[in-house]
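# Observations on chain architecture
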Amino acid sequence: MAYAQEADTLYLQAVEVADVERYAQERIAGQLDSLTLEPFRSSSIGDALQQSTGVYIKQYGAEGQLSSITLRGTTSSQTRLSWHGIDINSQTLGQSDFSSTPTFLFSDITVHQGASSALFGSGSIGGTVQLKSGSPNQGALFNVRQEVGSFGKVFSGMKASLGNAKRGLSLAAVNSIVQNDFEVAFRNETYKQNNAASDLKAIKLNGFYRMAGGGRLTADVWYNYHFREIQPIIGDQSGEDQLRNVNWRTYLSYDQSVNSGYIKSGLAVVIDHQQYNESSPTNLKRFIWDGYYEYLGSELITYRLGADIELALPDVGAYENNTRQWRYAPHAFAKFTPLNEFSATANLRVPYQSNQKAVPVIPSLDLTYAVVTNQKITTKVGAQVARAFRFPTLNDLYWQPGGNLNLKPEDGVAAELGLDFAWVKGNLDVRYQIDHYRSWLSEMIVWLPADGYWSPDNAQDVHLTGVENALKVNWTFSEWQFGLSSGHTFNRSVNEAGFMGNESSNGKQLPYVPKHKWNARVQLARGGWSVDLRAAHTGKRYTEASNTSEIDAYSLYDAHFSKQLSWNSHELVVGASVKNIWDTAYQNYELRATPGRNYLFKLNYIFN
Amino acid sequence: MKKNLHILWMIALTLFAAACEDSAEEIVLDGISVDGAATQIKVSELTLVEASASKLSLKSSLVAMDDDFSVTEVGVAISSVPGEPTLSDLTVSAESFDLDTEFTVEFEGLTPGTVYYGRVYVTTDKGTGYGDVRLFSTEYFGADVVVINEGNFQSGDGSFSTYNTQSQETNLSVFAAANGYPLAATIQNAVEFDGMIYAVTNASDKLEILDAGSFESEAYISGEFSNPYAFAAIGTKGYVTNWGPFNANWQLEESTISVVDLNEHKVVKTINVEEQAQHVLAVNGSFYVSHVGGSSISVYNATDDSKTATIATGSGPDKMVMDAEGDLWVICRSGELAEINLTTNEVSKTITGIQGLAWNEKMVIDESGSTLYYLGTSGEDKAVYSLATSAEVAPDAPLITGSNFYGIGVKGDVIYVADNNGYQGNGQVLMYSLAGEEKGSFPAGRGPNGFIFR
């Protein structure tokens, strides 16, 4: 559907000439395109995923509070957040805070569901969330977005782009502040939520230069600042804790078409800074080189050979001085397409991390067969089997006291079967996908109390079983555009082994992995008017491993309205959102208050 | 809810009994034929004044008495065996038994949650006679073991759970059930004093004051503490130790003691201390505060909160208990156990080589005040050690070994060991004989760290 509300035309459709996704599974459920993201342009990617997908985001209270992901029933460190193929999870903690990344900076977000460690690397056990922003396009573009909402929400975003075929530059900037001073009812009294403000700022500069020989230099620099007051436990009106995260992420690359293929070499510098209250900060510098050759000369086979090398230089008070860590990972990906109806993808990665005693070999194999292919209907079946792994984090290894240099990587085998059905008739487009998956994870790293401190151990085995369903319907009739989508995920994540002798967790669901997550969206548009209704249901979650305590399931409903006005090259979109329409009282994370019904007003100006 | 229902029944029964009070009962004397109204002895119906878990308070009165008799004793006989209790069962005689004057008798040491069959007896010069049998129940506590579940710091899911040693029933969240909202904090220490439980919590920092019987919240004090840890009380005054805030290097340098008015539920004074204050114990009009961040115990006069003495100990003095001799025992993180004479405020005995936890020590003393039990380590394992107060050297072997031991309590001939399940799921409580034989277990909440017995 061609809504022009979003300034995505800033970016070229083809993000990279050679996309790693060629070797990934084809998924529709995890694709958050610009249209899906539109109501969440002033939000973090965590909020967008929570309300639009079957992914569960565990959020410690209101907007801007710590938000970690559960993908396919795995833990929050088992999903990789990827930017230009680089793992931008906190390498000290092993996970990403999904409240710290503004949606506004990215054109698309792709959720690669399922084990994809061979393709993406360490940590991609539940999957990988890929942030995408294309190259600057040709011509001039300018976009300003202003949103104001309840509880002190003020969002300002700006994008500008200028370019031609030879060179281009784009700039995006975000300033997103929320006070979160909503009413909280607890213990027979009500009070205004205290110490829960969030201040998120980001700037991203992206440019390319095409050289005479056909080679292309690109640079992408992203500064991200997130300060937040840490929302205290419900009833605590004296909390004063704060957290500040500053990230500099730079990616420079050179790519060129060569005989029958393509080469690319990139260098990333990632600098992470985190400070809790006034305590000594956590600093980490990482230098990552990646390079590959990709063969594109045959329709029968494409393959890619490459490697990445990473050096991590942490500066953390609790580590020994001069701690450093190397990682090397050669990889080979290949896709065979012997028949129109059949393709097979085989990927292999052999990662090494300093201090690790063994070098795992991580393969994956994916088969896709089109059972039916005609003009109207396409039905594909697919099967995948993959090994997945995650290296111990820097804290797991080096934190003193407790750090454990004898840790092994988390290891697992994942298998899945899927059916993808597409039906196109005239202006009606229906897609349905169902996947069944199982994973057997072992050596999962758990921090357990030792003598006066906590220490990580390969203490847990988990068996995951799940079913994902996704339906998308688009229909255009005359001036009307209608869209419907719905997704459901069922996850059973069962702990197979007790912790240190206590058997009460055996056979129980992992904490904060809802068995059910469901979302739906209905969209209607005509003549620049648009109505977008969304619902998301999050099933009950156990708060601890023995499944004795739980928090209730909840459903949230949002409505978004907008009107687009255009004249010449100018476009203005005026919009409003009502979130949590029924003023539902709910807790995502135990004992953290959440806001009731809230409103958001939007102005979006685009010059093209 | 069940408990409330029970109370409602009690109230209803009492009201019913009150309404029937003028229906006097005729006493039939053993072996004596009663002939006509003139020979009657009559008593009013035996009714309940008050019931608790171990006590029954019952009342009646003599309402008619024939001159032919000379009454020597009036009282109540009860028995838990269904039937008609006699003088050979439990009896309590009335102090006075004037005509038309109510007398009250109290039975103590009864079994909780038990039905007792009771009737009035009247002993005369011609024999003993009894009134009608009435049924009374002692209060059925949710439990006689209250487990303090610390909770996970980040989640604030601390709770009180209970266990009934008779019925073996557990109740995992008695505070939330009684109040309709959770405690929403982590509990560091909870002490029963004067019918109340004083729970010291951090995240969020508060002193939660709840009724020891019903677990209903009476009041709470917040905004006054900083990482509070322990509580002790004398009269209407409570002492709360505060670790104080962590500085930039995660050190504790601003430790304090808050003085709380237990009537007004207010912090009335804050005493600055030089080294991290941990445990506090109230003894003989003084508060003893262990400075785990140093190597001393401070003694404060409870009247004016003035510091009266400093007792030098080993490094890291932590939990303290009083023994039967009136001596104070403190376990130090340095592996020393010191016995302190409170008359001289000096260490009278030091036992070295204690295999404690070397952090957040846990130590209790049995009811007789003669055997110490503390948590420690034994190789890779966690362990329970016991030590007689008469001992001169540290025990060379643990009494119990296991993993995840996080709290300890002793009541009667049972050692209760709290197991925190590695903080992953809810914990459990393991029960052992005093010889260290496992006797069973029951579930607890998150991170059980201690007990209150009743």
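Positions within a chain are numbered from 1, following the residues in the order the chain's sequence is written. Lettering of chains starts at A and numbering of ligands starts at 1, both following the order in which they are written. pLDDT decides what is reported in this predicted model: residues at 70 or higher carry local features, side-chain atom pairs at 80 or more are listed and counted, and totals for whole chains, interfaces and linings draw on all residues regardless. Each side-chain value is worked out from all heavy atoms of the structure, with water and hydrogens disregarded.

## What to know about the overall build of chain B
Labels follow the DSSP assignment, with helices taken as runs of H or I lasting at least four residues and strands as runs of E lasting at least two, numbered in each case from the N terminus. Within chain B, the secondary structure is distributed over two helices and 38 strands. Overall, chain B is about 90 × 45 × 45 Å in size when its C-alpha atoms are taken along their principal axes. Each residue is assigned to one of three classes by its accessible area relative to the maximum for its type, calculated with a 1.4 Å probe on protein chains only: buried under 20%, partly exposed between the two thresholds, exposed over 50%. Per-residue burial over chain B gives 54% buried out of 454 residues. A separation of at least 24 residues holds for 46% of the contacts in chain B among residues at least 6 apart in sequence. Accessible surface is estimated by sampling points in the Shrake-Rupley manner with a 1.4 Å probe; for residues, cover comes only from the protein chains shown. Only carbon and sulfur atoms are counted for the fraction: they give 47% of the accessible area of chain B, which is about 18,800 Å². Should any heavy atoms of two residues lie within 4.5 Å, those residues are counted as being in contact.

## Description of the overall build of chain A
A tally of helices and strands in chain A yields four helices and 34 strands. Computation of the radius of gyration draws on C-alpha atoms alone. For the globule rule, the value is 2.2 Å times the number of residues to the power 0.38. Taking 608 residues into account, the globule formula puts the C-alpha radius of gyration at 25 Å, and chain A, at 24 Å, falls close to it. Seen through its C-alpha atoms, chain A measures out along the principal axes to roughly 70 × 60 × 45 Å. When the 608 residues of chain A are sorted by exposure, 56% land in the buried category. In the form shown here, chain A has an accessible surface area of approximately 23,900 Å², with 58% of it arising from carbon and sulfur atoms. Side-chain charges in chain A split into 53 positive and 58 negative, and the spacing between the mean points of these groups amounts to 5 Å. Counting rule for charge: Lys and Arg are taken as positive, Asp and Glu as negative, and neither His nor the chain ends is counted. Here the site of a charge means atom NZ of a Lys, CZ of an Arg, CG of an Asp or CD of a Glu.

## Some words on the pattern of salt bridges
One speaks of a salt bridge when a side-chain nitrogen belonging to Lys or Arg is within 4 Å of a carboxyl oxygen belonging to Asp or Glu. Under the definition given, this model contains 36 salt bridges over all chains. Among the ionic pairs, Arg534 of chain A bridges to Asp532 of chain A, the shortest N-O distance being 2.8 Å. Grouping residues by exposure puts Arg534 of chain A and Asp532 of chain A together as buried. Close ionic contact of Asp157 of chain B with Arg446 of chain B constitutes a salt bridge, the shortest N to O distance being 2.8 Å. In this pair, Asp157 of chain B is assigned in the loop between strand E11 (145–149) and strand E12 (159–163) and Arg446 of chain B in the loop between strand E37 (438–443) and strand E38 (448–453), connecting sequence segments 289 residues apart.

## Some thoughts on the interface of chain A and chain B
Across the boundary between the two partners, chain A contributes 37 residues, which contact 35 residues of chain B. Carbon and sulfur atoms make up 51% of the surface buried where chain A meets chain B, a total of about 2,700 Å² over both sides. Nitrogen and oxygen atoms within 3.5 Å of one another constitute a polar contact, given that in protein one can donate a hydrogen and the other can accept it, and given that sequence-neighbouring residues count only through two side-chain atoms. Counting every contact that joins chain A to chain B gives 13 residue pairs in polar contact (both at pLDDT 80 or more). With four residues, the single largest contributor to the side of chain A that touches chain B is strand E25 (residues 428–449) of chain A. Counted by class, the side of chain A that touches chain B contains 16 nonpolar, 13 polar and eight charged residues. As used here, buried area is the combined drop in accessible area, with a 1.4 Å probe, of two parts when they are placed together. Lys, Arg, Asp and Glu make up the charged group, whereas Ala, Val, Leu, Ile, Met, Phe, Trp, Tyr, Cys and Pro make up the nonpolar group; the residues left over, Gly among them, are polar.

## Description of the UniProt feature "domain: TonB-dependent receptor plug" (unreviewed entry) in chain A
The UniProt entry lists residues 37–128 of chain A under the feature "domain: TonB-dependent receptor plug" (unreviewed entry), expressed in the numbering used here. This span, residues 37–128 of chain A, is 14% helix and 25% strand, and a straight line between its end C-alpha atoms measures 18 Å. UniProt positions are given in the numbering used here, feature names are shortened, and annotations may be inferred rather than shown by experiment.

## Re the sheet that holds strand E33 (residues 400–402) of chain B
All names here are of chain B. Note: two strands are recorded as paired if DSSP finds a minimum of 2 bridges between them. As summarised here, the arrangement of the four strands in space is E30-E31-E32-E33, forming an open sheet in which the pairing is antiparallel. Both edges of this open sheet fall to strand E30 (363–365) and E33, since each of them pairs with a single strand only. For this sheet, the mean angle separating the axes of adjacent strands, direction not counted, is 20°. Of the strand pairs in this sheet, E30 and strand E31 (residues 371–378) are connected by three bridges, and their pairing is antiparallel. Residue pairing in the sheet places Ile365 in a bridge with Leu372 of E31. Axis angles are defined between N-to-C directions and span 0 to 180 degrees, where every axis is a line fitted to C-alpha atoms and, for a helix, only to the segment in contact.

## Some remarks on the environment of Asn227 of chain B
All names here are of chain B. With respect to the helices and strands, the residue Asn227 is situated in the loop between strand E17 (217–222) and strand E18 (228–234). We classify Asn227 as buried; its relative accessible area is 15%. Separated by 173 residues in the primary sequence, Asn227 and Ser54 place their C-alpha atoms 37 Å from one another. Setting aside residues up to four positions removed in sequence, Asn227 forms contacts with Asn202, Asp205, Thr241, Asn242, Trp243, Gly244, Pro245 and Phe246.

## Quick word on unusual backbone geometry
That bond from Gln400 of chain A to Pro401 of chain A is cis: its omega, 0°, falls within 30 degrees of zero. Mapped onto the elements of the fold, Pro401 of chain A is located in the loop between helix H4 (394–398) and strand E24 (410–425). The peptide bond linking Ala203 of chain B to Ser204 of chain B adopts the cis configuration, its omega dihedral lying at 5°. Examined against the element boundaries, Ser204 of chain B turns out to sit in the loop between strand E15 (196–202) and strand E16 (206–211). One non-glycine residue, Asn188 of chain A, lies in positive phi territory at about 60°. Under the relative-accessibility criterion, Asn188 of chain A is labelled exposed at 75%.

## Side note on the nonpolar core
What tends to happen in soluble globular proteins is that the nonpolar side chains get buried as a cluster. Here, nonpolar core refers to any group of buried Ala, Val, Leu, Ile, Met, Phe, Trp, Tyr and Cys residues whose side-chain atoms link them within 4.5 Å. With 31 residues, the main nonpolar core has Phe98, Leu131 and Trp222 of chain A as its most contacted residues. Sorting the residues of this core by element identifies helix H2 (45–52), strand E4 (79–83), strand E6 (108–113), strand E7 (127–132), strand E10 (167–178) and strand E16 (261–276) of chain A as the ones contributing at least two each. Among the elements that line this core, the one with the most residues is H2 of chain A, at three residues. With residues near it in sequence (within four places) discarded, Trp222 of chain A still touches Trp83, Ile88, Thr101, Leu105, Phe106, Leu131, Ala202, Ile203, Lys204, Asn247, Trp248 and Arg249 of chain A. Core analysis: the next-biggest nonpolar cluster, separate from the first, contains 26 residues, Leu591 of chain A together with Ala199, Ala203 and Ile452 of chain B among them.

## Structural notes on the sheet that holds strand E19 (residues 237–242) of chain B
All names here are of chain B. Spatially, the four strands line up as an open sheet ordered E18-E19-E20-E21, and their pairing is antiparallel. The open sheet has two free edges, formed respectively by E18 and strand E21 (266–272), since each of these has just one partner strand. Averaged over all neighbouring strand pairs, the angle between strand axes comes to 25°, with direction disregarded.

## Comments concerning the packing of aromatic side chains
Residues and elements named next belong to chain B. Any pair of Phe, Tyr and Trp rings, taking the six-membered ring for Trp, is counted once the centres come within 6.5 Å. Such a pair is stacked with planes under 30 degrees apart, edge-to-face with planes over 60 apart, and tilted for the rest. In this structure the tally under the stated criterion is 33 aromatic pairs over all chains. These aromatic residues form a ring-pair network of at least three members: Tyr163, Tyr416, Phe442, Phe451 and Phe453. A ring has a charge above it when a Lys NZ or an Arg CZ is no more than 6 Å from the ring centre and no more than 35 degrees off the ring normal. Over the ring of Tyr220 we find Lys206; its NZ or CZ atom is 5.6 Å from the centre of that ring. Sitting above the plane of the Tyr406 ring, Lys362 keeps its charged end 4.1 Å from the centroid.

## Here we look at the confidence of the model for chain A
Residue and element names in this part refer to chain A. Of the residues in chain A, 95% reach a pLDDT of 70 or more, and the chain-wide mean stands at 91. Across chain A, element-level confidence peaks in strand E14 (residues 216–229) with a mean pLDDT of 97 and bottoms out in strand E1 (residues 31–32) with 72. Here residues 1–18 scores under 50 on pLDDT; set against residues more than four positions off or in separate chains, the count is 61 contacts. Per-residue confidence from the predictor is given as pLDDT, running between 0 and 100.

## Details of a nonpolar patch on the surface
Residue and element names in this part refer to chain A. Where nonpolar side chains cluster on the molecular surface, the patch consists of Trp475, Phe477, Trp480, Val522, Leu524, Val531, Leu533 and Phe561 and spans about 710 Å² of accessible area. If you list the elements that add at least two residues to the nonpolar patch, you get strand E26 (454–477), strand E28 (516–526) and strand E29 (529–538). Note that Phe561 resides in strand E32 (residues 554–567). Residue classification places Phe561 among the partly exposed positions, given a relative accessible area of 39%. Exposure above 30% relative accessible area and no salt bridge define the residues that can form patches, which grow by joining like charges within 9 Å and nonpolar side chains of Val, Leu, Ile, Met, Phe, Trp and Tyr within 5 Å.

## Describing the pairing of E29 of chain A
Residues and elements named next belong to chain A. Relative to E29, E28 is paired through ten bridges, and the arrangement is antiparallel. What sits directly across from Gln523, in E29, is Asp532. Connecting E28 to the next strand, E29, in antiparallel fashion are two residues, including Gly527 with a positive phi near 50°. The sheet contact formed by E29 and E32 spans ten bridges and is antiparallel. Directly across from Ala536, in E32, lies its bridge partner Leu556.

## Here's the deal with the side chain of Ser546 of chain A
In this structure, Ser546 of chain A sits in the loop between strand E30 (541–542) and strand E31 (550–551). Judged by relative accessible area, which is 7%, Ser546 of chain A ranks as buried. A polar contact of 3.0 Å, which involves the side chain of Ser546 of chain A, links it to the side chain of Thr548 of chain A. A polar contact is formed between the side chain of Ser546 of chain A and the backbone nitrogen of Asn426 of chain B, at a distance of 2.8 Å. Other than its neighbours up to four places away in sequence, Ser546 of chain A contacts Ser504, Ser505 and Lys508 of chain A together with Gly425 and Asn426 of chain B.

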